[in-house]
Amino acid sequence: MKTVEPKGRLGMFFGLLAAVAVLACTAGAFTVARGEAVVAEETERYLAELSQQTTYKIDQRLSFNLELLENVGNQLEVAADDEETREAVMGAALGTSPFMWIGSADRSGLLTVPGVGVVDASGYEAVANALRGDPSVSSELVEVFDGERGALYAVPAPGDSGVGAVVGFVLPSTMELLMNTDTTDGVGFSHIVSSAGNFIRRSDNPNALLGGANVFEALEKSSDIGEGKIALMERDLLQGESGSIDFSVDGALRALNYRPLAEGGWYVLSIVPPDTYTSLLNDFIRTALGATALLSVVLFGLFGAYLLWITGRNNRELSRIAFVDPVTEGHTEARFDQLVRERMERGGAFSLVALDIGNFRLLNDRFGKADGDRFLRHVHKTVGSLLRDGEELSRISADVFNVTLEDTDALAVRSRLRAIADAVNAFNEDSDTPYLVKVNCGVYVVGEPVDMVVARDRANTARKSGEAQSDRLCRVSLFSDVEHERLLREKEMENSMERALAEGEFIVYLQPKISLETGETVGAEALVRWESERGLVPPDDFIPFFERNGFVIKIDLCVFEQVCARMRAWMDAGLKPLPVSVNLSPVHLRRPDFLLAFEEVRRRYDVPAELLEFELTERVAFESLELLRSVVDDIHARGFHCAMDDFGSGYSSLNVLREIPVDVLKIDRQFFGGGGDRAEHVVESVVDLAKKLDMGTVAEGVETIPQVEFLRRVDCDMVQGYVFSAPMPVELFEKIVFGAGRVDGSEGPAA
Ligand code: C2E
Ligand code: CA
Ligand code: CA
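These numbers were taken from a predicted model, which means no experiment stands behind them. (Residues numbered from 1 in each chain as written. Chains lettered and ligands numbered in written order. Predicted model: local features only at pLDDT ≥ 70, side-chain atom pairs only at ≥ 80, totals over all residues. Heavy atoms only, no water.)

## Some details on the sheet that holds strand S8 (residues 189–193)
So, point 1. Spatial ordering of the open sheet is given by S9-S8-S12-S11-S10, a layout of 5 strands whose pairing is antiparallel. On the outer flanks of this sheet lie strand S9 (199–201) and strand S10 (243–249), each paired with one strand and no other. The average undirected angle you get between the axes of adjacent strands in this sheet is 35°.
So, point 2. Two strands pair when backbone bridges link them, and S10 and strand S11 (residues 252–260) are joined in this way by 7 bridges, in the antiparallel orientation. Within S11, the residue paired with Gly243 across the bridge is Tyr258.
So, point 3. Lying over the sheet, helix H5 (residues 215–222) contacts S8, S9, S10 and strand S12 (267–272), oriented at roughly 45° with respect to S10.
So, point 4. Strand contacts of helix H6 (residues 229–239): S8, S10, S11 and S12, with the helix running at about 20° to S11, the strand carrying the most contacts. (Pairing = 2+ DSSP bridges. Helix = DSSP H or I, 4+ residues; strand = E, 2+ residues; numbered from the N terminus. Axes fitted to C-alpha atoms, helices over the stretch in contact; angles between N-to-C directions. Contact = heavy atoms within 4.5 Å.)

## Here we look at the coordination of the calcium ion (ligand 3)
So, point 1. The protein atoms that coordinate the calcium ion (ligand 3) are Asp645 (OD), Asp646 (OD), Glu700 (OE) and Glu700 (OE), at distances spanning 2.3 to 2.4 Å.
So, point 2. Of note, the donors binding the calcium ion (ligand 3) are all from one chain and are spaced D-D-x53-E.
So, point 3. A separation of 3.9 Å is found between the calcium ion (ligand 3) and the calcium ion (ligand 2), which are bridged by Asp645.
So, point 4. By relative accessible area, Asp645 is classed as buried at 7%. (Donors = N, O, S within 2.8 Å, 3.2 Å for Na, K, Ca; no water. Buried < 20%, exposed > 50% of the residue type's maximum accessible area, 1.4 Å probe, protein only.)

## Thoughts on the site of ligand 1
So, point 1. Ligand 1 sits among 23 residues. The nearest are Gln511, Asp556, Arg669, Glu703 and Tyr722.
So, point 2. Asp556 places a polar side-chain atom, nitrogen or oxygen, 2.6 Å from a nitrogen atom of ligand 1.
So, point 3. Asn583 is positioned with one of its side-chain polar atoms (N or O) 3.1 Å from an oxygen atom of ligand 1.
So, point 4. For ligand 1, whose accessible area on its own is 790 Å², the fraction buried by protein is 86%. (Near = heavy atom within 4 Å. Polar contact = N/O pair within 3.5 Å; in protein donor to acceptor, adjacent residues only side chain to side chain. Areas by Shrake-Rupley, 256 points an atom, 1.4 Å probe, with all protein chains shown as cover.)

## What about the confidence of the model for the chain?
So, point 1. Of all residues in the chain, 91% have pLDDT values of 70 or greater, and the mean over the chain is 85.
So, point 2. Note on residues 745–751: pLDDT under 50 across the span, and 13 contacts to partners over four residues away in sequence or across chains. (pLDDT = per-residue confidence, 0-100.)

## Remarks on the environment of Phe551
So, point 1. Within the fold, Phe551 resides in the loop between helix H14 (543–549) and helix H15 (552–572).
So, point 2. Distance from Phe551 to Glu498, taken between C-alpha atoms, is 8.8 Å for residues 53 residues apart in sequence.

## Quick word on the pairing of strand S16 (residues 439–446)
So, point 1. Summarising burial for S16: 7 of the 8 residues are buried, a large majority.
So, point 2. The sheet contact formed by strand S13 (residues 350–357) and S16 spans 8 bridges and is antiparallel. Paired with Phe350 across the two strands is Val446, which belongs to S16.
So, point 3. Across 5 bridges, S16 lies against strand S17 (residues 474–478) in parallel orientation. Bridge pairing in S17 links Gly442 to Ser477.

## Some thoughts on the sheet that holds S16
So, point 1. Overall, mixed pairing links the 5 strands, which are arranged S14-S15-S13-S16-S17 in an open sheet. Edge positions in the open sheet fall to strand S14 (393–397) and S17, since each of these has one partner strand only. In this sheet, neighbouring strand axes are inclined to one another by 25° on average, regardless of whether the strands run parallel or antiparallel.
So, point 2. Of the strand pairs in this sheet, S14 and strand S15 (residues 400–405) are connected by 4 bridges, and their pairing is antiparallel. By the bridge assignment, Ser394 is partnered in S15 with Asn402.

## Quick look at the state of the cysteines
So, point 1. Evaluated as defined, the whole model comprises 0 disulfides.
So, point 2. No disulfide involves Cys642; its nearest neighbouring cysteine sulfur is the one of Cys564, lying 16 Å away.
So, point 3. Among the residues examined, Cys642 registers a relative accessible area of 0% and is labelled buried. (Disulfide = S-S within 2.5 Å.)

## Brief notes about the nonpolar core
So, point 1. Within the largest apolar cluster, 85 residues are counted, with the highest numbers of intra-cluster contacts made by Phe506, Phe546 and Leu711.
So, point 2. Counting residues per element, this core draws most heavily on H15, which supplies 11 residues.
So, point 3. Dropping the residues within four chain positions of it, Phe546 is found in contact with Met493, Met497, Phe506, Trp530, Phe551, Val552 and Ile555.
So, point 4. Val327, Val403, Val413 and Val437 belong to the second-largest nonpolar core, a separate cluster that totals 28 residues. (Core = buried A, V, L, I, M, F, W, Y, C linked by side-chain atoms within 4.5 Å.)

## Quick word on the coordination of the calcium ion (ligand 2)
So, point 1. On the protein side, the calcium ion (ligand 2) has Glu525 (OE), Asn583 (OD1), Glu615 (OE) and Asp645 (OD) as donor atoms, found 2.1 to 2.4 Å from it.
So, point 2. Sequence spacing of the donor residues for the calcium ion (ligand 2), all on one chain, is E-x57-N-x31-E-x29-D.

The structure is reproduced here in structure tokens:
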């Protein structure tokens, strides 16, 4: 029985969960993207506002400063040439202004600053402008006295006193008032730059990411910024345009707005992190997303729990079906295997016992199924009652039980199994007509964890190894013993095979092939037997081993030689020789020229090749159809015949029919083992097909007259089976076929 895993359901649930998660994520991503767009818009708007306000404030301040100077000019005009008054006017103006100094320039540009010094200022742009009549501010920070750089303000002086312009100088550090534009939380801020990008006034704000003397250089050097954006901004600044760009420094994203001031060609750069103003909005989005996620999780948790509950309920039901044997109410194979695997994981050796009731079929037939089941329950209960802690029991199929025993010592295992067999038979004690139940056990001692299939297989191998050998109530075979015996036997065969061959222990039996048309023997198959001191050994006991060690090659050649020798004798005796087929082990096919040896033998005995037939098993085709084809061609080229043995037992029968031009098809005996109508239809079609392909047909392993009648009806050519004759010694075969005393049996080959 197969366990229905809860995995399928869970898989479905997690699949669904994943799908919903993907959906939720998509929706979330969409919301975030939308949110980001909103944030970007908001930032831009906020920034524009900030910069507008800042610009306005600064413009006000600048014009205030210029007005202040103009005021000074007016007063200077009143003061006329009075040097002292002039100095007093300028000094008074300083007190309430951001100016570091205020001075007056004559019409040639000679600047006199009281208490500071006299300098030719005609080269300063602002001064020159003022002398020409325009109030202005220097476009860049300039140095006038002692290495101090600052902004130079200059306004024309009214009247025609000797004063041409009033000039004021402001240090960047004292532009505080002027520059008091930072946002209250200190995140956004503004710089003032010249149209060439040189800083006039840099904000002290810790978020002022841009260092150096020039904003373009700073942007280029230390930030990520879209290509061409700097050039665009440079152009805008030269042309007095405003605009905005994004940039980031060390991963911190900033939005920058530039806006021209009224004076000096100066620009205000307002900078904010994009989410400053909109952090509230962000919070909202995050909260919304979080809530959605939480809700999803809760819903799915509930849904999952429900599903698990349903699955669990169904699984309990399925488990009952999968894990409880309806006949004995004990463990099923599935459950047992689970428990045994767990036992293997716990480590330490234990025994796996496969146990069957020797004559259960008989019992079932005699007493009926209901009593049969009752008996199985009895066995189950009895065995169960004799198990110890941690030992498991299960009915695997029909009358086969599996048991684990913690004992591993052969003697201990045997004695426990004997006790079990006794207990199973205890019900006979009061009976007049005892019905003795034979308990047949195979034991595999599990040392290391192994695959359950392998473990059970070994226990079963041991169980079947000596099935028919004993009539005792309890028979126990250990896999290790069976294996051990097999190895011993193989060692023994290995040691004796060459000698056995030399001494002619491998002898040929012939099994007649009977024509269904005439009822006569029209051929035979040569089958080898080993006549050893242990008795006559059937080929199934040694051919498989000799195929593994390659000795089969010598056996086949020996059989072939004996066949050739008999044919020579038949011909020499003037008898019409019958065609004989020999088996060709697939092992030969590994040698390209293997037929040469057979050819040599045939020549030596001078037997017509067409009387000799090689039987190749269909299973060879499974390995290589091309190889099989080339071998068959070679066999034909040398004049031999070729038969396909065991046809229908492999997997590629139809391919073989199409590709391999054999002379005879030997239909495998499995078709005659009581296969019913279907098998008969197959045989009929195969015979039909073979006819069309010009092949002869031999039905193998035919045991009953009705089978013969059927085969005759479907026009099969020959029958080889116990129904007519088992394989027999050559002498007997000759007597039957040629009549008594016609062949001199002493003319065997010199082996
Ligand atoms: P196979 O070639 O299929 O030989 C036919 C087998 O079916 C023979 O078993 C034969 O005794 C058996 N048989 C014949 N009629 C009946 C029947 O009516 N009912 C049943 N149940 N069986 C029947 P055998 O002689 O024991 O040979 C077994 C296998 O050993 C052969 O199967 C063949 O594969 C192999 N073998 C035998 N002799 C040789 C040999 O000389 N060389 C090689 N390479 N293999 C051989
Ligand atoms: Ca054969
Ligand atoms: Ca066969």
